[in-house]
Amino acid sequence: MFSTRKFLCLAVITLIVLLVMLIRDLQNKCDIEKNKARSLKPLSIIYVITPTYARLEQKAELTRFSHTLLHVPNIHWIVIEDSPEKTALVQNFLNRTRIHSTHLYVATPSEYKMNRTDPHWLKPRGVLQRNAALDWLRENTSPDDDGVVYFGDDDNAYSLQIFEEMRNTTKVSIWPVGLVADLRYERPKVTNGKVTGWYTYWKPDRPFATDMAGFAIHLNLIHQHPEAKFSNVVAAGRQESTFLTFFNLTLDDLEPKANMCTQILVWHTRTERSNTPYEEAMVKLYGADAYPNIEV
């Protein structure tokens, strides 16, 4: 009797082990199939919208940003000049890059342009340029396309990780931005995986207290809300928040990225303006032939 019990126990244990092994094998096969399905699914296109304007630092900053984007797959770079026509500098630059790009232009009216001595926050910049890119997207893509729209200025610094995190945006994804608003960083407040507010000092009552570099939008929302545009008459610092209100979002709709908004993956850097007071003296010293006007 004892031997029979022992045999039955061993048989049951063996059966359980075999069942566990079978379940694990099935799980592994399912995981492999899921990974195959993911690999077969094409990557969402990230449309990076970059306003730019003529200045001594322009080509240097476009070059630096392009070297970041070269490492990001499935990117479409929309570069919009603040100019009455396409300039040779930007056109030649984009022709030399290996990035899929679209080159647009629109000039900002003189009453909305800043003088060189104005503080950077006095008037909004890139308004009509970003709107031109939004119009292009609505005309050249479909509401059914799987794409993500990101406003990436040419003077910021970006981790490659931020592009991969924004790629699976379903509505609006959001994350912190470093070196912004006279702070080390601004970031969304996240509680139990949901955005519940904002850690910011300036105008914390804004519905969406984020920087332009701190969010991405799925392309279908751009199509669903053709009225969503930027404005030259929005109060300083409220451009992003006002734009996001067009999409009828609540905080619950926002998708926190960058490890639940605890990592800084983009920095709102600002290049120091270059001064060249000795240009005329150099020409006098060496002559125009020895010191030609080379594109910088």
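Looking at an unreviewed UniProt entry, one finds the chain named Galactosylgalactosylxylosylprotein 3-beta-glucuronosyltransferase, with Biomphalaria glabrata as its source organism. Looking at the Pathway (unreviewed entry) heading of the UniProt record, one finds this comment for the chain: "Protein modification; protein glycosylation." Checking UniProt for the chain, the heading Cofactor (unreviewed entry) contains the comment "Mn(2+)".

**Q** Help me understand the environment of Asn168 in this model?
**A** Relative to the assigned elements, Asn168 resides in the loop between α5 (160-166) and β6 (172-174). Taking C-alpha positions, Asn168 is 26 Å from Arg206, a pair spaced 38 residues apart along the chain. Excluding anything up to four places from it in sequence, Asn168 contacts Glu255 and Lys257. Here the side chain of Asn168 touches Lys257 through a polar contact of 2.9 Å, side chain to side chain.

**Q** Help me understand the environment of Val48 in this model?
**A** Structurally, Val48 is set in strand β1 (residues 45-52). A residue is classified by how much of its surface remains accessible, and Val48, at 0% relative accessible area, is buried. Along the chain, Val48 and Leu69 lie 21 residues apart, while their C-alpha atoms are 9.2 Å from each other. In this structure, Val48 is in contact with Phe65, Leu69, Ile75, His76, Trp77, Ile78, Tyr150, Gly152 and Phe163, ignoring residues within four places of it in sequence.

**Q** Even after reading the chapter, I still don't get a nonpolar patch on the surface, so can you show me in this structure?
**A** Taken together, the side chains of Ile13, Val17, Leu18 and Met21 present a nonpolar region at the surface, about 390 Å² in accessible area. Its place among the elements puts Met21 in helix α1 (residues 2-40). Since its relative accessible area comes to 52%, Met21 is described here as exposed.

**Q** Explanation requested: the sheet that holds strand β3 (residues 101-105) in the structure shown.
**A** Working definition: the strands of a sheet are paired by backbone hydrogen bonds and lie parallel or antiparallel to each other. Ordered by their spatial adjacency, seven strands build an open sheet running β3-β2-β1-β4-β10-β6-β11, and the pairing between neighbours is mixed. A strand with exactly one partner marks an edge of an open sheet, and here the two such strands are β3 and β11 (254-256). On average, adjacent strands in this sheet sit at an angle of 25° to one another, irrespective of strand direction. Alignment of strand β2 (residues 75-81) against β3, held across five bridges, turns out to be parallel. Across the sheet, the residue bridging to Ile80 is Leu104, located in β3.

**Q** Looking at this structure, I do not really get the environment of Thr250. What am I missing?
**A** Here Thr250 shows up in the loop between α7 (239-245) and β11. Using a relative accessible area of 42% as the deciding quantity, one classes Thr250 as partly exposed. Considering only alpha carbons, one finds Thr250 and Pro84, 166 residues apart in sequence, at a separation of 38 Å.

**Q** Got a minute to help me understand empty space enclosed by the protein in this structure?
**A** By rolling a water-sized probe across the atoms, one finds the places where empty space is left. Overall, the coordinates contain one cavity of 30 Å³ or more when judged by the stated rule. Each pocket or cavity is described by its volume, and for the largest cavity that value is around 60 Å³. Considering the residues around the largest cavity, the lining is formed by Ile174, Trp175, Pro176, Val177, Glu186, Arg187, Pro188, Trp198, Ala209, Thr210 and Asp211. The element that contributes the greatest number of residues to the lining of the largest cavity is strand β8 (residues 183-191), accounting for three residues. A class-by-class count of the residues in the lining of the largest cavity yields seven nonpolar, one polar and three charged.

**Q** Teacher, can you tell me more about the pattern of salt bridges here?
**A** Pairing is possible between side chains of opposite charge, provided their charged atoms come close. This model, assessed by the stated rule, comprises 12 salt bridges. Between Glu295 and Lys59 there is a salt bridge, with its nearest N and O atoms 2.7 Å apart. With Glu295 in the segment after α9 (279-286) and Lys59 in helix α2 (residues 58-69), this residue pair connects regions lying 236 residues apart in the sequence. A relative accessible area of 18% places Lys59 in the buried class. The shortest N-O distance in the salt bridge between Asp135 and Lys229 comes to 3.2 Å. Of the two residues, Asp135 is situated in helix α4 (residues 127-140) and Lys229 in the loop between α6 (219-224) and α7; the sequence distance between them amounts to 94 residues. Asp135 sits in the partly exposed class, given a relative accessible area of 27%. Each of the salt bridges in this network shares a partner with another, and the network as a whole consists of Arg55, Glu61, Arg64 and Asp154.

What counts, and at which threshold
- Residues numbered from 1 in each chain as written.
- Predicted model: local features only at pLDDT ≥ 70, side-chain atom pairs only at ≥ 80, totals over all residues.
- Heavy atoms only, no water.
- UniProt positions renumbered as here; feature names shortened; annotations may be inferred.
- Helix = DSSP H or I, 4+ residues; strand = E, 2+ residues; numbered from the N terminus.
- Contact = heavy atoms within 4.5 Å.
- Polar contact = N/O pair within 3.5 Å; in protein donor to acceptor, adjacent residues only side chain to side chain.
- Buried < 20%, exposed > 50% of the residue type's maximum accessible area, 1.4 Å probe, protein only.
- Patch = residues over 30% accessible without salt bridge, like charges linked within 9 Å, V, L, I, M, F, W, Y side chains within 5 Å.
- Areas by Shrake-Rupley, 256 points an atom, 1.4 Å probe, with all protein chains shown as cover.
- Salt bridge = Lys/Arg side-chain N within 4 Å of Asp/Glu carboxyl O.
- Pairing = 2+ DSSP bridges.
- Axes fitted to C-alpha atoms, helices over the stretch in contact; angles between N-to-C directions.
- 1 Å grid on protein atoms, 1.4 Å probe; cavity = no way out; pocket = protein on both sides within 12 Å on 5 of 7 lines; lining within 4 Å.
- Points joined across faces, edges and corners; volume = space filled by probe spheres on them.
- Nonpolar A, V, L, I, M, F, W, Y, C, P; charged D, E, K, R; others polar.

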